[in-house]
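Fold and geometry: a report
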Amino acid sequence: MSDVKIKSEILPDADPTATLLRVEDLRVEFHTRDGIAKAVNGASFSVESGETLAIVGESGSGKSVTSQAIMGILESPPARIAGGEVLFHNVDLLKLGKERARRVRGNHVAMVFQDALSALNPVWTVGFQLSELFRQHRGMSKKDAMARSLELLDLVKIPAAAQRLKEYPHQFSGGMRQRVMIAMALALDPDLLIADEPTTALDVTVQAQIMRLLKEIQIERHMGLILITHDLGVVADVADKISVMYAGRIVEQAPVLETFATPAHPYTKALLKSIPRLDTKGQRLEIIKGLPPVLTNLPPGCNFAPRCAYAQEICTRELPVLATVAADRAAACHFSSEVIQDV
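Bear in mind that the values here come from a model prediction, so they are computed numbers and not experimental data.

Looking now at the overall build of the chain. Regarding its fold elements, the chain presents 13 helices and twelve strands. Here the C-alpha atoms of the chain give a radius of gyration of 21 Å, agreeing with the 20 Å that 2.2 N^0.38 yields for 343 residues. Projected onto its principal axes, the C-alpha coordinates of the chain cover approximately 70 × 50 × 40 Å. Restricting to contacts in the chain with at least 6 residues of sequence separation, those with at least 24 account for 67%. Separation of charge centres in the chain, based on 38 positive and 40 negative side chains, amounts to 4 Å.

Written as structure tokens, this is what we have:
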């Protein structure tokens, strides 16, 4: 059975002419002893085929929870999707049954996790783990599945791939394990790839190699790519557009070059000022003073107001909505025009 036929059977009501992925007002809550933590609080964004969206923000801003909600792998309880839609070619993935949702994962939407060593099973060889995908989802023989696994290791540029199929995860370096994770995510030829902190704990040289590899494969396969990261510097050369998250909300969306040139939200501007740059050699990096809000007790008004240099009285009582500030740009700030001008 061809991949095309398999995919059509999984989502027969999908509209191939519609946007690849459109997330509308997604809300995810965690029920804790301290109350309800609003981990994702009304996130909306979209990704087209062949496009790269970077979702950036501090740890705890809701980036990974958003990706897990799209994949349908949130643990419930304590997590609960409180509202919104995740539309894949106009099919709401949140309304699929467990079996259909399981088949969507890998076939349509795949994910590269940030901790490759934990994601790989230490007691099975890399070849076995890769080939099982083809045997379970495509019904291939052991020989054919192993041959496809070899092709994947070659695709992600692992040297001596035939030999390394027989090796275990602990025999691979961090960068090579991440390449194996990318190979597993690509095995069933997904339409959308989510990479959650794919360069965490890797040195800068390996980071660049991994990001370049992801971009090359994306272009070759015309996939949509969502890149989850806390590091704006990582996405500068690979992303088409950026969604900046803070305390569970998207506070800015814009094309990547415009974001770097003229940020429209004080939080985005503060993140950019904290990145080392060649033109600021010898200068001290700026820090964002204060701490992110407690998600079980969000302040009234703008969540960033207590840490914001532009905050005024209105910011402490009125929550700004994500609104258009220029062509293809939106920001959730009462004073975004002043932020843009103050570069």
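In this section: the sheet that holds strand S9 (residues 241–246). Pairing between the strands of a sheet is mediated by backbone hydrogen bonds and can be parallel or antiparallel. Spatial strand order, S6-S7-S8-S3-S9-S10-S12-S11: eight strands in an open sheet with mixed pairing. Looking along the sheet, the strands with just one partner apiece sit at the ends: strand S6 (109–112) and strand S11 (323–326). Put simply, the sheet's adjacent strands are angled 25° from each other on average, direction ignored. Pairing between S9 and strand S10 (residues 249–255): six bridges, direction antiparallel. The partner of Ile 242 across the bridge, within S10, is Ala 254. Contacting strand S3 (52–56), strand S7 (192–196) and strand S8 (224–229), helix H9 (residues 204–221) runs over the sheet at an angle of about 160° to S8. Against the sheet, helix H12 (residues 266–273) touches S9 and S10, its axis set at about 105° to S9.

This part is about the domain arrangement of the chain. Entries for the chain in the domain assignment read domain 1 (21–108 + 191–342) and domain 2 (116–189). Taken together, the contact pairs 19 residues of domain 1 with 15 residues of domain 2. The three residues of domain 1 that bury the most area against domain 2 are Asn 107, Leu 213 and Arg 221, which together make up 36% of that side's buried surface. Inspection of the region where domain 1 meets domain 2 yields two salt bridges. For Glu 216, the salt bridge identified is with Lys 157, shortest N-O distance 2.8 Å. For the interface between domain 1 and domain 2, the tally reads five residue pairs in polar contact (both at pLDDT 80 or more).

Another aspect to go through is H9. Taking 1.5 Å per residue, 18 residues should reach 26 Å; H9 reaches 26 Å between its end C-alpha atoms and fits that length. Tucked inside the fold, the buried residues of H9 contact S3, helix H6 (142–155), helix H8 (174–186), S7, S8 and helix H10 (232–235).

On to the nonpolar core, then. Generally speaking, a soluble globular protein has its nonpolar side chains buried in company with each other. Counting residues in each nonpolar core, the largest one holds 67 residues, and the members touching the most others are Ile 182 and Leu 193. No other element matches H8, which puts seven residues into this core. In this structure, Leu 193 is in contact with Ala 110, Met 111, Val 112, Ala 185, Leu 186, Leu 214, Met 223, Gly 224, Leu 225 and Ile 226, ignoring residues within four places of it in sequence. Grouped together as the second largest cluster of nonpolar side chains are 36 residues, Leu 21, Leu 26, Val 91 and Ile 226 included.

As a further point, take the pattern of salt bridges. On inspection of all chains with the given rule, the structure shows 18 salt bridges. A salt bridge links Arg 307 to Glu 58; the shortest N-O distance between them is 3.2 Å. Of this pair, Arg 307 sits in the loop between H12 and S11 while Glu 58 is found in the loop between S3 and helix H2 (63–71), placing the two residues 249 residues apart along the sequence. Taking the relative accessible area as the measure of exposure, Glu 58 reaches 22% and is therefore partly exposed. Its salt-bridge partner being Arg 329, residue Glu 258 comes within 3.7 Å of it at the nearest N-O pair. Pair noted here: Glu 258 is in helix H11 (residues 256–261) and Arg 329 is in strand S12 (residues 329–331), with a separation of 71 residues, a long-range link. When its relative accessible area of 33% is taken as the criterion, Glu 258 is described as partly exposed. Classification of Arg 329 by relative accessible area gives buried; the value is 5%. In this structure, a network of salt bridges that share partners links the residues Glu 252, Glu 258 and Arg 329.

Moving on: unusual backbone geometry. Of note, the amide linkage connecting Ser 76 to Pro 77 takes the cis form, showing an omega dihedral of -5°. Along the chain, the position of Pro 77 falls in the loop between H2 and strand S4 (79–88). Of note, the bond from Pro 77 into Pro 78 is cis; its omega dihedral lies within 30 degrees of zero at 10°. Of note in this structure, His 89 is not a glycine but carries a positive phi near 50°. For His 89, the position within the fold is in the loop between S4 and strand S5 (91–92). Residue classification places His 89 among the buried positions, given a relative accessible area of 12%. At Ala 160, a residue that is not glycine, the phi angle is positive and equals roughly 50°.

This part covers the pairing of S7. Extensive coverage of S7 is indicated by the burial of five of its five residues. Two strands pair when backbone bridges link them, and S6 and S7 are joined in this way by four bridges, in the parallel orientation. When the sheet's bridge partners are listed, Val 112 is paired in S7 with Ala 195. Taken together, the five bridges between S7 and S8 define a ladder with parallel strand orientation. Counterpart to Asp 196 in the pairing with S8 is Ile 228.

Cut-offs applied
For every chain, the first residue of the written sequence is number 1, and numbering continues from 1 onward in sequence order. The predicted nature of this model means local features are confined to residues of pLDDT at least 70 and side-chain atom pairs, given and counted, to a pLDDT of 80 or more, with totals for whole chains, interfaces and linings taken over all residues. To get the side-chain values, take all heavy atoms of the structure and skip hydrogens and water. Helix numbers and strand numbers start at the N terminus; a helix is a DSSP run of H or I with at least 4 residues, a strand a run of E with at least 2. Throughout, the radius of gyration refers to the C-alpha atoms, and the reference size of a globule is 2.2 Å times the residue count to the power 0.38. Pairs of residues are marked as contacts when any of their non-hydrogen atoms sit within 4.5 Å. We score Asp and Glu as negative and Lys and Arg as positive, and we do not count His or the chain ends. The atom standing in for a charge is NZ when the residue is Lys, CZ when it is Arg, CG when it is Asp and CD when it is Glu. By this definition, two strands are paired if DSSP reports at least two bridges between them. Here an angle of 0 to 180 degrees is reported between the N-to-C directions of two axes, which are lines fitted to C-alpha atoms, with helices fitted over the stretch in contact. Domain extents, as shown, originate in an automatic or database domain assignment. Buried area: the accessible area, evaluated with a 1.4 Å probe, that two parts lose upon being put together, summed over both parts. Salt bridges are defined as contacts in which a side-chain nitrogen from Lys or Arg sits within 4 Å of a carboxyl oxygen from Asp or Glu. Residues adjacent in sequence count toward polar contacts only when both atoms are side-chain atoms; beyond that, a polar contact is any pair of N or O atoms within 3.5 Å, and within protein one must be able to donate a hydrogen and the other to accept it. Between the first and last residue of a helix there are one fewer steps than residues, each counted as 1.5 Å, and that sum is the expected span. Residues belong to a common nonpolar core when they are buried Ala, Val, Leu, Ile, Met, Phe, Trp, Tyr or Cys residues joined through side-chain atoms within 4.5 Å. When a residue's accessible area, from a 1.4 Å probe over protein chains only, is under 20% of the maximum for its type it is buried; when over 50% it is exposed; and in between it is partly exposed.

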